[in-house]
Amino acid sequence: MQDIFLSVRGRVLLNVEALNMTESIGNYVKHRKVPVLVPEKDGFITYYVPAVSGESIAHGFQKVLAEEAIKDSIPVCNLCKNGIFLKSTNKKVVKEAFEGEPEKGQLEEFVVSKCLVEDIGGFLYAEAENIKRTSNFFVGYMIPVKEALGNVVVESQLHSRYALGTPFVKEQGQMIYYVELSSAVYTFGFDLDTSYIGKLTFQYNSAGKEVLEEKERVRRIRTTLEALKLFLLEQMFGAKKTRFLPVGEWESLAIGVSDKVWTVTSPFSKNYIEKSEKKREKVNYNTKLYIYKADVGSFEETVVDAIKESVRRVSES
Ligand SMILES: [Zn+2]
């Protein structure tokens, strides 16, 4: 098999979205906001803009991953199975998640063999002895693209469930409430490194040791790639989608499939696709680029082809 590094970068237009809310103050629910710094004239300027956190994206992906694992009969722990990603935080959690503890040997080996989500997404066991497994996939904040920074809006919308004229609101009706909505073209990033999937990482003297046979590693990676395909095609990230389903579409997307670490350049800049193509001319680890630009080609085809190539490489004997 050939281990791969898959790198996804894109720009997605999302109108009237409430994908990542932070605290509510009384009846007012706030959208997450972050500071973004950009060069301007002789100095820099800071914008406070709406954002979607990497944790939120990771949650969405791990949810799809757990579902795909169940479908493919790959082990997932009791908690991850239900979208509860406590991920072996402590002894109690491990007991509940795996209906037992490792008898001997190390915890990482035990968890990796019994839960795909924690194999791929890592965990942190915070007992007297801390044990850490770093995630094999990488995500970050979605922020508005550079040229949109000055035009991004966050606007609170009034909602009400009052039914005036009924007895239910005479004494105490439900309060009116406000939800902050935002509209922007957002950056998107997701990397997947398969080289440590199904292998130990934590202890220096055993890092890289295979927990699973190669056949099983390949099976797990294929399931992970299928999950990523679904995640991208169906935009399975973000919250509050039952009543604030965003309106929008992908503006562009670039996926790099390589034999070693190779990332697509940042979609914060407009010309990231051209920059990535130039990068590939200079640095290339059997790197293939799959590109979608609005109205040229098909978004779905780009995703499907990149995943197909990834599956082909890892399945190669
Ligand atoms: Zn788990």
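Here the structure is shown first, and the text comes after it.
All residue numbers refer to positions counted from 1 along the written sequence of the respective chain. The model is predicted, so local features are restricted to residues of pLDDT at least 70 and side-chain atom pairs to those at 80 or more, both for listing and for counting; the totals for chains, interfaces and linings are taken over all residues. Excluding hydrogens and water, the side-chain figures rest on all heavy atoms present in the structure.

Caption draft 1: Layout of the overall build of the protein. If you tally the helices and strands in the protein, you get eight helices and twelve strands. Taken over 317 residues, the protein has a buried fraction of 46%. Residues count as neighbours in contact if any of their non-hydrogen atoms are within 4.5 Å of one another. Taking the contacts inside the protein whose residues are at least 6 apart along the sequence as the reference set, 71% of them involve residues at least 24 apart. As displayed, the protein has an accessible area near 16600 Å², and 50% of this comes from carbon and sulfur atoms. Residues scored as charged are limited to Lys and Arg (positive) and Asp and Glu (negative), so that His and the chain ends carry no count. In plain terms, the charge of a residue is placed at NZ if it is Lys, CZ if Arg, CG if Asp and CD if Glu. Where the 43 positive side-chain charges of the protein centre and where its 43 negative ones centre are 1 Å apart. The numbering of helices and of strands both runs from the N terminus, where a helix is a DSSP run of H or I of at least 4 residues and a strand a run of E of at least 2. Only protein chains enter the accessibility calculation, which uses a 1.4 Å probe. A residue is then buried if its area is under 20% of the maximum for its type, exposed if over 50%, and partly exposed in between. Each accessible area value is a Shrake-Rupley result obtained with a 1.4 Å probe; residue values ignore everything except the protein chains displayed when judging cover.

Caption draft 2: Region of the structure containing the packing of helix α6 (residues 214-233) against helix α8 (residues 299-315). Between α6 and α8, the least distance of the axes is 10 Å, while the angle of their chain directions is 175°. What the angle tells us is that α6 and α8 run roughly antiparallel. Residues V218, I221, R222, L225, E226, L228, K229, L232 and L233 of α6 lie in contact with α8, whose contacting residues are F299, E300, V303, V304, I307, S310, V311, V314 and S315. Between N-to-C directions, angles cover 0 to 180 degrees, with each direction set by a line fitted to C-alpha atoms, over the stretch in contact for helices. Roughly parallel means an angle under 35 degrees; roughly antiparallel, over 145; roughly perpendicular, 65 to 115; everything else is oblique.

Caption draft 3: Structural detail: the coordination of the zinc ion. Ligating atoms shown are N, O and S within 2.8 Å of the metal, or 3.2 Å for Na, K and Ca, and water is not included, meaning a site may look less than complete. Looking at the zinc ion, the protein donor atoms are C77 (SG), C80 (SG), C115 (SG) and E118 (OE), and they sit 1.9 to 2.4 Å from it. Only four donors with every angle between 85 and 135 degrees are called tetrahedral; only four or six donors with opposite donors over 155 degrees apart and all others between 65 and 115 are called square planar or octahedral, in that order; all others are irregular. One can describe the site at the zinc ion as tetrahedral: its four donor atoms subtend angles covering 105 to 116° at the metal.

Caption draft 4: Structural context of the nonpolar core. Among buried residues, the Ala, Val, Leu, Ile, Met, Phe, Trp, Tyr and Cys ones that are joined through side-chain atoms within 4.5 Å form a nonpolar core. One finds L6, F61, M142, F188, F190, L225 and F231 to be the most contacted residues of the largest nonpolar core, which totals 65 residues. The dominant element in this core, judged by the number of residues it contributes, is helix α1 (residues 54-71), at seven residues. One finds V36, V38, A51 and L149 within the second-largest nonpolar core, a separate group that totals eight residues.

Caption draft 5: Fine view of the pattern of salt bridges. Here, a salt bridge means any Lys or Arg side-chain nitrogen found within 4 Å of an Asp or Glu carboxyl oxygen. As enumerated under the stated definition, the model contains 17 salt bridges in all. Note that E23 is salt-bridged to K30, the shortest N-O span being 3.9 Å. Judged by its relative accessible area of 42%, E23 is partly exposed. Linking E216 and R219 is a salt bridge whose minimum nitrogen-to-oxygen distance equals 3.2 Å. With E216 and R219 both in helix α6 and three residues apart, the pair spans about one turn of that helix. Judged by relative accessible area, which is 22%, E216 ranks as partly exposed. Linked through salt bridges whose partners overlap, the residues forming this network are D259, E309, R312, R313 and E316.

Caption draft 6: Main features of α8. Taking 1.5 Å per residue, 17 residues should reach 24 Å; α8 reaches 25 Å between its end C-alpha atoms and fits that length. Buried within α8 are the following residues: F299, T302, V303, A306, I307, E309, S310, V311, R313 and V314. Elements in contact with the buried residues of α8: β1 (5-17), α6, β11 (247-258) and β12 (288-293). Under this definition, polar contacts are N or O atom pairs within 3.5 Å; protein pairs additionally need one hydrogen-donor-capable and one acceptor-capable atom, and for neighbouring residues in sequence, both atoms have to be side-chain atoms. A side-chain oxygen of the first residue of α8 lies 3.3 Å from the backbone nitrogen of E300; this N-cap is S298. Each residue after the first adds 1.5 Å to the expected span of a helix.

Caption draft 7: Focus on the side chain of D191. Residue position: D191 is located in strand β10 (residues 177-193). Here D191 falls in the buried class, since its relative accessible area comes to 7%. Polar side-chain contacts of D191 include one of 2.8 Å to the side chain of S7. Other than its neighbours up to four places away in sequence, D191 contacts F5, L6, S7, V8, R9, N136, F137, F138 and T263.

Caption draft 8: A look at helix α7 (residues 272-282). Regarding α7, the residues found buried are Y272, I273 and S276. Along the long axis of α7, the arc covered by the buried residues comes to 100°, so they all point the same way. Projecting away from the buried face of α7 at angles above 90 degrees are the exposed residues K278, E281 and K282. Those residues of α7 that are buried are in contact with β1, β11 and β12. By definition, the arc is the one covered by directions from the helix axis to the C-beta atoms.

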